[in-house]
Amino acid sequence: MDTSSPAVFVNAELLKMHVGKRVRTVLQVARNEGGVMVGQSTDGQQLTVKGGDPKGFALSHYVEVIGIADGNQSIRAEICTDFGERFDAVSYNGLCQLANGKYKNLFL
Amino acid sequence: MLSADQFAGAPLFTGGAFLPSQSIDSSISPTKSQIRTPSTLIPMTVKQIIEAYHSSEDKPTIIVDGIELANVKLVGLVMNRMERETEVSFTLDDGTGRIDFRRWANESSDTGDTAFIQNGIYVKVHGHLRGFQGKRHALAFSVQYAVSFNYLVPCFCFFGAVNPFLELYPLVFSILKLLFHG
């Protein structure tokens, strides 16, 4: 068992606090541009994901991205998981707030 | 045979146990009547388990919020899957850490139950904590494919918090909406 590489639950706003660290977030795909995925975060901001599946994910699908935050609005992806078209982004955004706030000790 | 998660708005925990309310004074050593049996199944994060192990003095059970536990429920990504003759082993990454699981596969029906466990998928695992020669791992007695990813959010919200309102998914959703949308 180890906790050496946790992935922090973030939305776009919280991503800025974890640049250089391993993070996880969910975004809704807006477009794919040659290996770069652009989408909307659960708090309504634009995020860019590099290094994901070169074929990209279907537009409007929710995709979980786990990787390294390499900028205020970009992630270098390690793992991408297609969550489909139906996903509760509001609850996920709330989870990000809790995981970085009141219940941070349970996650980090 | 694939064991699909039947969650579709139904109560998440049917037959599982909830944490006690905060009325229990954690400063008082729990009596035998207050300690739940180690068979209680509690959702947790890997981080919680590891931190509890550090203070468990090498016992097979851990104590979290005054409750002695041996069985846990986790959700995460499958990694490092390996199949042997009588078992399937894998690492579960829930974002807070990684824990090794073993799932015995003694009969052909067991083999069918583990075939779907592949690297990169999300699963819900019910397991029993074990330790041997200082190394910690867990035995998985139930592994279910996470059919709906909407399940993951409330599952993480339930982890270890001794707070009554977080035990009820509909109330969690309502409160989250109140907190973050006014």
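Residues numbered from 1 in each chain as written. Chains lettered and ligands numbered in written order. Predicted model: local features only at pLDDT ≥ 70, side-chain atom pairs only at ≥ 80, totals over all residues. Heavy atoms only, no water.

Peer 1: Can you walk me through the interface of chain A and chain B in this structure?
Peer 2: Interface size is commonly expressed as the accessible area that is lost once the parts come together. Each partner contributes to the interface: chain A provides 31 residues, whereas chain B provides 34 residues. In this assembly, chain A packs against chain B so that about 2700 Å² is buried in total across both faces, 66% of it on carbon and sulfur atoms. Run the count over chain A and chain B and you get 1 salt bridge. Ionic pairing is found between Arg22 of chain A and Asp93 of chain B, a salt bridge with its closest N-O pair at 3.9 Å. Linking chain A to chain B there are 6 residue pairs in polar contact (both at pLDDT 80 or more). (Contact = heavy atoms within 4.5 Å. Buried area = accessible area lost by both parts, 1.4 Å probe. Salt bridge = Lys/Arg side-chain N within 4 Å of Asp/Glu carboxyl O. Polar contact = N/O pair within 3.5 Å; in protein donor to acceptor, adjacent residues only side chain to side chain.)

Peer 1: Would you explain the pattern of salt bridges in this entry?
Peer 2: When their charged atoms lie close together, side chains carrying opposite charge are able to pair. Following the criterion strictly, the structure yields 11 salt bridges over all chains and no others. In this structure, a network of salt bridges that share partners links the residues Arg22 and Glu78 of chain A together with Asp93 and Arg98 of chain B.

Peer 1: When you look at helix α2 (residues 89-100) of chain A in this model, what are you seeing that I'm missing?
Peer 2: Working note: α-helix, 3.6 residues per turn, so residues spaced by three or four point in the same direction. All names here are of chain A. Here α2 spans 17 Å end to end across 12 residues, near enough to the 16 Å set by a 1.5 Å rise per residue. Judged by how many residues are buried, α2 sits mostly within the fold: 10 of 12 residues are covered. Along α2, the positions that sit buried rather than exposed are Ala89, Ser91, Tyr92, Asn93, Gly94, Leu95, Cys96, Leu98, Ala99 and Asn100. The opening residue of α2 is Asp88, an N-cap whose side-chain oxygen sits 3.3 Å from the backbone nitrogen of Val90. (Helix = DSSP H or I, 4+ residues; strand = E, 2+ residues; numbered from the N terminus. Expected span 1.5 Å × (residues − 1). Buried < 20%, exposed > 50% of the residue type's maximum accessible area, 1.4 Å probe, protein only.)

Peer 1: Mind showing me how you'd approach unusual backbone geometry here?
Peer 2: Across the chain, the bulk of peptide bonds are trans and the bulk of non-glycine residues have phi less than zero. Phi is positive for Ser60 of chain A, which is not a glycine, with a value near 75°. Inspection of the secondary structure assignment puts Ser60 of chain A in the loop between β4 (46-50) and β5 (62-71). Residue Ser60 of chain A is classed as partly exposed on the basis of its relative accessible area, which comes to 37%. One non-glycine residue, Asn80 of chain B, lies in the positive phi region at around 50°.

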